[in-house]
Amino acid sequence: MKKVFTAALVILFGVVLLFGLSKSIDIAGYGDGLIPGKAADAYINKNVTSGTGEIIFGETKNAETGSANMVTSVIANYRSFDTLGEVTVLFLAAVGVSLIMGKNSKEGKMKKSGFILRTSAGIIFPVMLITGIYIFTHGHLTPGGGFPGGSMIASSFLLLYLADENFKLKITGFKVAEGLAGTLYVMVGAVGLIIGGYFLINFLPTGVVGDLFSAGIIPVIYVLIGLKVGSEITGIVRDMHKEEVSV
Amino acid sequence: MIRLASLLLILIGLYGIFSSRNVIKILIGVNVMELGVNIFIISVGFFKGGIAPILTADSFSSAMKFVDPLAQAMVLTSIVIGLGITALGLVFARKIHAQYDTYDLGAIGGGKDD
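Residues numbered from 1 in each chain as written. Chains lettered and ligands numbered in written order. Predicted model: local features only at pLDDT ≥ 70, side-chain atom pairs only at ≥ 80, totals over all residues. Heavy atoms only, no water.

Each helix and strand in chain B was counted, giving 3 helices and 0 strands. Start at the N end of chain B and walk to the C end: the helices and strands fall as α-α-α. Taken over the C-alpha trace, chain B has a radius of gyration of 19 Å; the compact-globule value for 114 residues is 13 Å, which it surpasses by more than 25%. Principal-axis analysis of the C-alpha atoms places the extent of chain B at approximately 60 × 25 × 15 Å. Taken over 114 residues, chain B has a buried fraction of 41%. Here the analysis covers contacts within chain B between residues at least 6 apart in sequence; of these, 51% occur between residues at least 24 apart. Split by element, the accessible area of chain B, about 5,700 Å² in all, is 71% carbon and sulfur. When the 8 basic and 7 acidic side-chain charges of chain B are each reduced to a single mean position, those positions are 2 Å apart. (Helix = DSSP H or I, 4+ residues; strand = E, 2+ residues; numbered from the N terminus. Rg over C-alpha atoms; globule rule 2.2 N^0.38 Å. Buried < 20%, exposed > 50% of the residue type's maximum accessible area, 1.4 Å probe, protein only. Contact = heavy atoms within 4.5 Å. Areas by Shrake-Rupley, 256 points an atom, 1.4 Å probe, with all protein chains shown as cover. Lys, Arg positive; Asp, Glu negative; His and termini not counted. Charge placed at Lys NZ, Arg CZ, Asp CG, Glu CD.)

This is the structure in structure tokens:
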């Protein structure tokens, strides 16, 4: 009876959602999200404050953001303040996990891992680590950025935990990296406030679109985010693993 | 069609949250719902023939037809927040299990009034 009532409620909500959305969007259609006239138009052409014309890969100099990856230019430049909040939410989640899990949890024995996993982990771990670092240093040129790169670094440490049942991570370095990256992110914003008059404004030269050293503060911020996210998720993995092994 | 499918995912997740007292199942419901919302936002920003919003040697000019980067940036934020929610929720679930030896919220004294 309760499940039927719940289902009816959910279906009612679905009908309301369907009719509410169909006023502004073709709910059955797909592939009609054309850009012109939307806010994204200014982000693609990098002309939020002043019209710079067409942006050509490898040619345009000193564009507004200089990032070839437009999603990155939104995340780490135009809406960087949102990303600061996002990083804060992730930080709070990591703090919550370590507060609940960290102290007075029993450490138990873990099952011995298999030969293939133990041997291959040593080969794959450096490759994963380097790939993670590559992803977040090239966030302004290729798909990816601080969040996927950081996650990849954390997953490489998860692999070490899975491969070796006696593996213990010295967490102090990660705590320092996390705190330092977070502080530097706010400092970069404060420097922008002093130089440009706005918090997190781009104050470095943006260079040629498509170069490794381009896009102003975007690579700086994405490296900081990558370090922060990597150390945070590694901390979460460590706390959860410590609890999970207690049988 | 994909928008309807994503709405269906949202409703399935909502049903999972409402109908179950098991913390793990509620978290799975939240994740399914989040997936539906993400697919919906991405589908709003997509149009047929649109290319990924990254300038490369092949798609070199900003005058080309890129899909909406703003929707993708929103979804990136949403994914990260979802990760935080899931991690914290799983830890709560583990703690509840350690204290009460059950994942059922009904059995630990919650929701007695119905």
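Moving on from the model shown.
Residue and element names in this part refer to chain A. Going through the model one piece at a time under the given rule, you end up with 3 salt bridges over all chains. Close ionic contact of Arg-238 with Asp-239 constitutes a salt bridge, the shortest N to O distance being 3.2 Å. Summarising the burial analysis for this pair, Arg-238 and Asp-239 share the class buried. (Salt bridge = Lys/Arg side-chain N within 4 Å of Asp/Glu carboxyl O.)

Time to look at the packing of aromatic side chains. All names here are of chain A. By the definition in use, this model includes 4 aromatic pairs over all chains. Plain terms: the ring middles of Phe-125 and Phe-157 are 5.5 Å apart, the flat faces sit at 65 degrees to each other, and that makes the pair edge-to-face. With Phe-125 in helix α5 (residues 115-137) and Phe-157 in helix α6 (residues 146-163), this residue pair connects regions lying 32 residues apart in the sequence. Each residue in the set Phe-125, Phe-157 and Phe-174 is aromatic and connected to the rest through ring pairs, giving one cluster. (Phe/Tyr/Trp six-rings, centres within 6.5 Å; stacked < 30°, edge-to-face > 60°.)

Our focus in this paragraph is the domain arrangement of chain A. The domain boundaries assigned to chain A delineate domain 1 (2-29) and domain 2 (43-244). A separation of 37 Å is found between the C-alpha centroids of domain 1 of chain A and domain 2 of chain A. (Domains from an automatic or database assignment.)

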